[in-house]
Amino acid sequence: MSVAPSRTVALGNRFATELPELGIPWKAQPVADPRLLVLNERLAQSLGLDAEWLAGDEGLRFLTGGAVPPDATPVAQGYAGHQFGFYSPRLGDGRALLLGELAGADGELRDLHLKGSGRTPFARGGDGLAAVGPMLREHLVSEAMHALGVPTTRSLAVVATGRQVQRETVLPGALLARVASSHLRVGSFQLARATDDLDLLRRLADHAISRHHPEAADAEHPYRAFFAAVVSAQARLVAQWMLVGFVHGVMNTDNMTVSGETIDYGPCAFMDAFDPTVVYSSIDEGGRYAYGNQPVVAEWNLARFAESLLPLLHDEQDEGVEIAVELLGAFRREYSAAWVAGMRAKLGIPETADEAVTRPLLDDLLALLRDNHVDHTSFHRRLSRAARGDSEPARALVLDLAGVDAWLDRWRALDPDPDAMDRVNPAYVPRNHLVEEALEAATAGDLAPFHRLLDVVTRPFEERPGLERYAEPAPDSFGPYRTFCGT
Ligand code: AMP
Ligand code: MG
């Protein structure tokens with residue numbers, strides 16, 4: 001039975017009513033004994049939700065999908081997608097639900113979505129559930145990404161369900177309440193295109209334009225402007241991933257948003273030693289989603305997006321293809337510009353510095369970091385001390401001392417600004433060994449390490465005494481890191 005919360009939260013049903021073909025009205029599996037593991041009070045506040053209420057009985061019923069506001073129409077969203085390059089015509093929310101849209105204080109709509117809320121018609125062989133570890137992991141890493149300034153879905157809460165979830169072992173179950181500017185994916189467009197229903201494709205594009213790229217509506221060719229806006233948002237997003245050393249791990253087209261937010265923190269990881277070939281996901285055997293491949297994969301995914309939009313780009317297919325190729329050509333330029341600007345900021349190099357000097361400096365740095373297996377996060381953070389006159393902390397991370405000294409001399413000649421560097425180079429990222437340690441403890445019932453780590457990584461630029469351990473790379477004993485999808 002679903003009970004309406006007495007303090008009703010207004011949840012819209014725009015997706016459900018505008019795009020009924022792409023969602024199946026559905027209900028969450030009831031949670032008899034919900035227990036709050038973490039609540040994002042600041043996010044709740046910014047959404048106009050009362051944190052105290054959310055943490056109470058009624059709020060928990062709301063957060064687990066048991067109490068649905070009167071006008072809401074929760075749906076399991078359908079989508080298709082290329083997974084590791086292979087097309088799946090029918091994916092969709094197998095264990096998730098879009099509860100509805102919240103209007104934030106800024107007037108923007110945001111999706112409220114549950115993950116781990118029980119089987120849906122898209123579940124295929126899955127059990128529809130999620131375990132405590134992977135849901136806390138999404139909370140932790142997405143909130144760290146947000147604090148790092150990377151566009152991302154947010155986590156409002158993680159609630160333990162009291163269910164047992166069978167994976168390789170039996171694990172405690174949990175559910176994540178996620179907030180996103182929307183859950184429209186490249187795969188949503190692939191599904192709409194595959195139906196051959198041009199009206200549906202157009203409605204989906206109009207819906208996406210109005211929610212994410214409203215300026216496109218006023219362009220001479222709104223759908224071309226929309227495609228260009230998504231290309232641009234993704235180019236900037238992936239550049240930010242590269243700058244912070246984030247490896248998404250499963251960049252399938254159903255895990256790429258049209259809003260330009262990072263979505264689906266499954267087998268993701270933060271790179272420690274700089275290595276373009278690094279792969280953490282246990283299922284990514286071919287290294288398709290390796291750190292250094294991410295820009296190329298994003299471009300490949302956007303080509304699939306262009307294919308699904310083709311009939312909206314031009315009435316004639318050949319001309320549509322030509323337009324798509326030209327618009328997609330912006331990806332490399334925009335990615336490169338965003339990455340170079342980001343690297344200059346990380347190195348504190350003034351914008352007036354000559355491109356002919358800075359570009360080789362950047363390339364040589366990457367080669368130095370790669371060849372010496374240098375920890376990405378701590379090297380960049382320590383570099384500001386080198387700009388202040390103390391090179392030792394950065395030098396200590398590099399074996400090739402002659403090489404690093406020569407590079408430091410060239411870089412210092414550009415007069416880098418250490419304070420500006422400290423504002424963009426994090427001292428703390430969710431390091432893999434710390435994440436594992438926190439999740440293992442949480443799974444066993446001790447949430448203290450998780451909350452401590454969450455506090456550290458959500459203030460990433462603020463170096464604090466006593467937190468040295470959180471800034472260090474994994475000890476050698478941690479070994480090569482492997483992540484799992486957690487499904
Ligand atoms: P993901 O890798 O998390 O993006 O999931 C890929 C697809 O598998 C999506 O359609 C999910 O809804 C579905 N899926 C993942 N885990 C489960 C599960 N435990 N039960 C049902 N569907 C699942
Ligand atoms: Mg997904």
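About the thresholds
- Residues numbered from 1 in each chain as written.
- Chains lettered and ligands numbered in written order.
- Predicted model: local features only at pLDDT ≥ 70, side-chain atom pairs only at ≥ 80, totals over all residues.
- Heavy atoms only, no water.
- Near = heavy atom within 4 Å.
- Polar contact = N/O pair within 3.5 Å; in protein donor to acceptor, adjacent residues only side chain to side chain.
- Areas by Shrake-Rupley, 256 points an atom, 1.4 Å probe, with all protein chains shown as cover.
- Nonpolar A, V, L, I, M, F, W, Y, C, P; charged D, E, K, R; others polar.
- Donors = N, O, S within 2.8 Å, 3.2 Å for Na, K, Ca; no water.
- Buried < 20%, exposed > 50% of the residue type's maximum accessible area, 1.4 Å probe, protein only.
- Helix = DSSP H or I, 4+ residues; strand = E, 2+ residues; numbered from the N terminus.
- Contact = heavy atoms within 4.5 Å.
- Pairing = 2+ DSSP bridges.
- Axes fitted to C-alpha atoms, helices over the stretch in contact; angles between N-to-C directions.
- Parallel < 35°, antiparallel > 145°, perpendicular 65-115°, else oblique.
- Left-handed = near helix turned anticlockwise from the far one by under 90°.
- Patch = residues over 30% accessible without salt bridge, like charges linked within 9 Å, V, L, I, M, F, W, Y side chains within 5 Å.
- Salt bridge = Lys/Arg side-chain N within 4 Å of Asp/Glu carboxyl O.
- Lys, Arg positive; Asp, Glu negative; His and termini not counted.
- Charge placed at Lys NZ, Arg CZ, Asp CG, Glu CD.
- Core = buried A, V, L, I, M, F, W, Y, C linked by side-chain atoms within 4.5 Å.
- Domains from an automatic or database assignment.
- Buried area = accessible area lost by both parts, 1.4 Å probe.

Engineer: Give me the site of ligand 1: which residues, what numbers.
Structural biologist: Around ligand 1 sit 17 residues, and of these G92, G94, D127, G128 and D264 come closest. One nitrogen or oxygen atom from the side chain of D127 is found 3.0 Å from a nitrogen atom belonging to ligand 1. Here an oxygen atom of ligand 1 sits 3.0 Å away from a polar atom, N or O, in the side chain of D264. Coverage of ligand 1 by the protein amounts to 87% of the 490 Å² it exposes when considered alone. When the residues that make up the shell around ligand 1 are grouped by side-chain class, the tally is 4 nonpolar, 7 polar and 6 charged.

Engineer: Tell me about the coordination of the magnesium ion (ligand 2), and name the residues and values.
Structural biologist: All of the protein donors around the magnesium ion (ligand 2) are N255 (OD1) and D264 (OD); their distances to the metal are 1.8 to 2.2 Å. Of the residues examined, N255 reaches a relative accessible area of 11% and is grouped as buried.

Engineer: So, the environment of N372: which residues are in play, and what are the values?
Structural biologist: Turning to its location among the elements, N372 is positioned in the loop between α12 (355–371) and α13 (376–387). Overall, N372 belongs to the buried group, its relative accessible area being 12%. With 295 residues separating them in the primary sequence, N372 and Q77 have C-alpha atoms 46 Å apart. Beyond its immediate stretch of four places on either side in the chain, N372 contacts L397, V398, L399 and D400.

Engineer: Now, about the pairing of strand β8 (residues 154–166): what can you tell me, with residues and values included?
Structural biologist: Of all 13 residues in β8, 10 are buried; the element is thus mostly enclosed. Summarising the sheet, strand β2 (residues 35–39) and β8 pair through 4 bridges and their orientation is antiparallel. The residue bridging L39 from the neighbouring strand is A157, located in β8. Taken together, the 9 bridges between β8 and strand β9 (residues 170–180) define a ladder with antiparallel strand orientation. For S155, the partnering residue across the bridge sits in β9 and is R178.

Engineer: How would you summarise the packing of helix α5 (residues 132–147) against helix α18 (residues 448–457) if you had to cite specific residues and measurements?
Structural biologist: Axis separation between α5 and α18 bottoms out at 9 Å; the angle between their running directions is 20 degrees. As judged from the angle between their axes, α5 and α18 are roughly parallel. The crossing of α5 and α18 is right-handed. Facing L136, H139, L140, E143, A144 and A147 of α5, the residues of α18 in contact are F450, L453, L454 and V457. Taken together, the residues of the contact of α5 with α18 sort by class into 8 nonpolar, 1 polar and 1 charged.

Engineer: Explain a negative patch on the surface to me, using residue names and the numbers behind them.
Structural biologist: A surface patch of like charges, here negative, comprises D315, E316, D318, E319, E322 and E326. Mapped onto the elements of the fold, D318 is located in helix α10 (residues 317–328). Judged by its relative accessible area of 63%, D318 falls in the exposed class.

Engineer: Please set out the nonpolar core residue by residue, giving values where relevant.
Structural biologist: Ranked by size, the top nonpolar core spans 91 residues in total, and within it F189, F226, F305, L383 and W411 carry the most contacts. Looking at this core element by element, the count peaks at 13 residues for helix α8 (residues 222–244). Counting contributing residues, this core receives three or more from each of domain 1 (14–180) and domain 2 (186–340). For W411, the residues in contact, after removing those within four places along its chain, are L347, I349, L361, L383, A386, A387, P416 and M421. Membership of the second largest hydrophobic core comes to 27 residues, among which are M135, A144, L447 and V457.

Engineer: A description of the environment of A44 should follow, citing residues and the corresponding values.
Structural biologist: On the secondary structure map, A44 appears in helix α2 (residues 41–46). Note on A44: relative accessible area 0%, which makes it buried. The spatial distance from the C-alpha of A44 to the C-alpha of G56 is 14 Å, given a sequence separation of 12 residues. Those residues in contact with A44, other than ones at most four positions away along the chain, are L49, A51, L54 and L156.

Engineer: Go over the domain arrangement of the protein chain, please, and point to the residues and values.
Structural biologist: Note: interface size is frequently given as the accessible area lost on complex formation between the parts. What the domain assignment lists for the protein chain is domain 1 (14–180) and domain 2 (186–340). The distance between the C-alpha centroids of domain 1 and domain 2 comes to 23 Å. On the domain 2 side, the residues contacting the 36 residues of domain 1 number 37 residues. Contact between domain 1 and domain 2 buries roughly 3000 Å² in total, counting both sides, with carbon and sulfur atoms accounting for 58%. The largest share of the area that domain 1 buries against domain 2 comes from L22, H82 and F84, three residues that together contribute 22% of it. For the pair domain 1 and domain 2, the interface holds 5 salt bridges. Across the pair D111 and R211 runs a salt bridge whose closest N-O atoms are separated by 2.9 Å. The tally of links from domain 1 across to domain 2 stands at 18 residue pairs in polar contact (both at pLDDT 80 or more).

Engineer: Which residues make up the side chain of H207, and what values go with them?
Structural biologist: Looking at the element boundaries, H207 is found in helix α7 (residues 198–212). Take H207: its relative accessible area is 1%, and that puts it in the buried class. For H207, the contacting residues outside a window of four places in its chain are R14, F15, E18, L19 and L184.

Engineer: Report on unusual backbone geometry, specifying residues and quantitative values.
Structural biologist: Residues other than glycine seldom take positive phi values, yet R124 does so here, at roughly 45 degrees. For R124, the position within the fold is in the loop between β7 (109–115) and α5. For D196, which is not glycine, the phi torsion reads 65 degrees and is therefore positive. Along the chain, the position of D196 falls in the loop between α6 (186–194) and α7.

Engineer: I'd like a description of the pattern of salt bridges, backed by residues and values.
Structural biologist: This structure, assessed with the given rule, holds 31 salt bridges. In this structure, the salt-bridge partner of R137 is E436, at a minimum N-O distance of 3.4 Å. Here R137, found in helix α5, pairs with E436, found in helix α17 (residues 432–443); they are 299 residues apart in sequence, far enough to count as distant. Assessed through its relative accessible area of 27%, E436 is described here as partly exposed.

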